[in-house]
Amino acid sequence: MRDHNERLVLSLLRRHGGLAKTDIARLTQLSVQTISVIMRALEADGLLLRREPVRGRVGQPSVPMALNPDGAFFFGLKIGRRSAELVLIDFLGNIRAMRQLSYRYPTPRETTAFALDDVAAIRSALPPEQDRRIAGLGIAIPFELWNWADTVGAPHEAMDAWRGADIKADIQSRHDFPVYLQNDATAACGAELVFGQSGGLSDFLYFYIGAFVGGGVVLNGALHAGRTGNAGALGSMPVPGPGGKPVQLIDAASLATLEKSLAARGIDASFLWQKPADWDWLGSDLDLWIATAANALAHAIVSASAVIDFEAAVIDGWMPRTVRARLAEAVRAAFGQIDTAGIALPHLREGTVGVDARSLGAASLPLCERFLVGAPLAAAT
């Protein structure tokens, strides 16, 4: 764990890119001497790089410092209802390696074996210096997976195996770096906060639409996980359903709903769980899903905005960018059909991380816990 001031410097460099010592001193309100000591230590640790001097000003040229991409590496494991994904990212968040596993439904044994085998395979290809700089592994997983047996079409006994499983402990037992765990949608929100182009937003509501829709809450520039780590359980929000009867958002805005409608017409929907490409050929099935999901999302955003005055609502997910853009536009149109008197609607914007948000969010867990300022996203074993 790093000293608070070191974390503060690293966080500023992540947010602003290259900065000179005088700029960091001004932003942190620490003395230039203190900043010099901190930056020398971070540079000696291999976490910072010197950029070209900036000339043309009075006095000595300033030398901006920036994060060293090879300063630290982090694994991120996303366990989804239809697929698992493992990534290795560098200190800047660039994906250096990626492995994927598709399945009808996840089981503890299969996903643990995938993680252990592919972590070993990726590490075997790294130079020793980079392997020594692996600082942790984060896991993004839907909480209480056993409750979704019927929805994913899995045998109850297979999903019940998750009740007694501790994949975090199983992976930790095989590695000397720390392992962290967080809800998958909350982790995706963390990815938008850490790696996304949020434009300096301090408070926003975040929706990630995968097999099931979920989300997260950012308050005062930090991910708000809540008392039990389940804050932003947006999939459970009640929204209007068929005939005006309330349903949960998860039943109206999840890709599993689109999958069911395609399967009812005899269309193999397995392509939905591969890397999204072109979905325009789905035609009316996609049109209906967008309309239904947008209406539900609009109601969820309005309800949440009556509690917290969010700056923005962000929509992202496992879908092509063109579909995400259509969905966002449909949500804006749906706002016009809702009585919003007394509510200041947040600015609606698309996410900037995209389909890899959950795996990058998983990798951000050790990054945030060990190197950045702000509330930690998860606890280490």
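Conventions and cut-offs
Residues numbered from 1 in each chain as written. Predicted model: local features only at pLDDT ≥ 70, side-chain atom pairs only at ≥ 80, totals over all residues. Heavy atoms only, no water. Pairing = 2+ DSSP bridges. Helix = DSSP H or I, 4+ residues; strand = E, 2+ residues; numbered from the N terminus. Axes fitted to C-alpha atoms, helices over the stretch in contact; angles between N-to-C directions. Buried < 20%, exposed > 50% of the residue type's maximum accessible area, 1.4 Å probe, protein only. 1 Å grid on protein atoms, 1.4 Å probe; cavity = no way out; pocket = protein on both sides within 12 Å on 5 of 7 lines; lining within 4 Å. Points joined across faces, edges and corners; volume = space filled by probe spheres on them. Nonpolar A, V, L, I, M, F, W, Y, C, P; charged D, E, K, R; others polar.

Peer 1: Honestly, the sheet that holds strand β4 (residues 83-89) in this entry has me stumped. Any pointers?
Peer 2: Each strand in a sheet pairs with another by means of backbone hydrogen bonds, the pair being arranged parallel or else antiparallel. Reading across the sheet, the five strands line up as β5-β4-β3-β6-β7 and stay open at both edges, with mixed pairing between neighbours. Looking at the sheet topology across the chains shown, the edges are occupied by β5 (95-102) and β7 (179-183). If you compare each strand with its neighbour and ignore which way they point, the axes differ by 15° on average. Looking at chain direction, β4 and β5 are connected through seven bridges and run antiparallel.

Peer 1: Even after reading the chapter, I still don't get the pairing of strand β9 (residues 213-219), so can you show me in this structure?
Peer 2: Residues in a regular strand project their side chains so that they alternate between the two faces of the sheet. For β9, a buried count of six out of seven residues is recorded, marking the element as mostly surrounded by other parts of the structure. Joining the antiparallel neighbours strand β8 (residues 204-209) and β9 is a turn of three residues. Where β9 meets strand β10 (residues 222-223), two bridges bridge the pair, whose relative direction is antiparallel. Across the sheet, Leu219 pairs through a bridge with Ala222, a residue of β10.

Peer 1: What's the story with the layout of surface pockets in this structure? I'm lost.
Peer 2: To locate leftover empty space, one rolls a probe as large as a water molecule over the atoms. When its volume is computed, the second largest pocket comes out at roughly 420 Å³. Secondary-structure elements contributing two or more residues to the lining of the second largest pocket are α9 (184-195) and β9. Its residues placed into classes, the lining of the second largest pocket shows eleven nonpolar, eleven polar and four charged.

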